[in-house]
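# Topology and contacts: notes
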Amino acid sequence: MKSMKTPETDGRPQVGTLVRDAEGRIGRLMAYTRARAWLRPPGGGREWDVDPTSITAVPGWDASDRRSDDPGGA
């Protein structure tokens, strides 16, 4: 499925990108829904939602650096 840009997502990280939220947690961007962005820890686990304006892409970060049982918190 092709990702479509909307006024809400234009200029924001693309789905699938590793991002950092306002609390410093690293997650893979899973989706944008209404006014929220959904993130999941790189090693898998429970998703959490954040304000999409609070996320920034983490270029060059290697997901294998984080333990798979780490819930994405720091």
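What this report covers is the structure whose coordinates are included nearby. (Residues numbered from 1 in each chain as written. Predicted model: local features only at pLDDT ≥ 70, side-chain atom pairs only at ≥ 80, totals over all residues. Heavy atoms only, no water.)

All right, on to the overall build of the chain then. For the chain, the count of helices and strands is zero helices and five strands. In the chain, the order of α-helices and β-strands from amino to carboxyl end is β-β-β-β-β. Considering only intrachain contacts with a sequence separation of at least 6, the fraction spanning at least 24 residues in the chain is 36%. Accessible surface, the chain as shown: approximately 5100 Å² in total, 50% of it carbon and sulfur. (Helix = DSSP H or I, 4+ residues; strand = E, 2+ residues; numbered from the N terminus. Contact = heavy atoms within 4.5 Å. Areas by Shrake-Rupley, 256 points an atom, 1.4 Å probe, with all protein chains shown as cover.)

Hydrogen bonds along the backbone pair up the strands of a sheet, which may run parallel or antiparallel. Strand order in the open sheet formed by five strands is 4-3-2-1-5, with antiparallel pairing between adjacent strands. Of all the strands in the sheet, just strand 4 (48-50) and strand 5 (56-57) have a single pairing partner and so form its edges. (Pairing = 2+ DSSP bridges.)

One pass over the full model with this rule turns up four salt bridges. As a salt-bridge pair, Arg36 and Asp49 come within 2.9 Å of each other at their nearest N and O atoms. Of the two residues, Arg36 is situated in strand 3 (residues 36-40) and Asp49 in strand 4; the sequence distance between them amounts to 13 residues. Residue Asp49 is classed as partly exposed on the basis of its relative accessible area of 32%. (Salt bridge = Lys/Arg side-chain N within 4 Å of Asp/Glu carboxyl O. Buried < 20%, exposed > 50% of the residue type's maximum accessible area, 1.4 Å probe, protein only.)

Counting seven residues, the largest nonpolar core is built from Val19, Leu29, Ala37, Leu39, Trp48, Val50 and Ile55. When contributions to this core are tallied by element, the ones reaching two or more residues are strand 3 and strand 4. (Core = buried A, V, L, I, M, F, W, Y, C linked by side-chain atoms within 4.5 Å.)

Residue alternation in strand 3 divides its side chains into a buried set, Ala37 and Leu39, and an unburied set, Arg36, Trp38 and Arg40. The pairing of strand 2 (residues 26-33) with strand 3 spans five bridges and is classified as antiparallel. Pairing of Leu29 across the sheet is with Leu39, part of strand 3. Sheet topology note: the strand 3/strand 4 ladder contains three bridges and is antiparallel. Counted as the bridge partner of Trp38 is Asp49 from strand 4.

Okay, unusual backbone geometry next. Despite not being glycine, Arg34 shows a phi value in the positive range, around 50°. The residue Arg34 is located in the loop between strand 2 and strand 3 in this model. Overall, the relative accessible area of 84% leaves Arg34 in the exposed class.

All we've got here are geometric facts, nothing functional implied.
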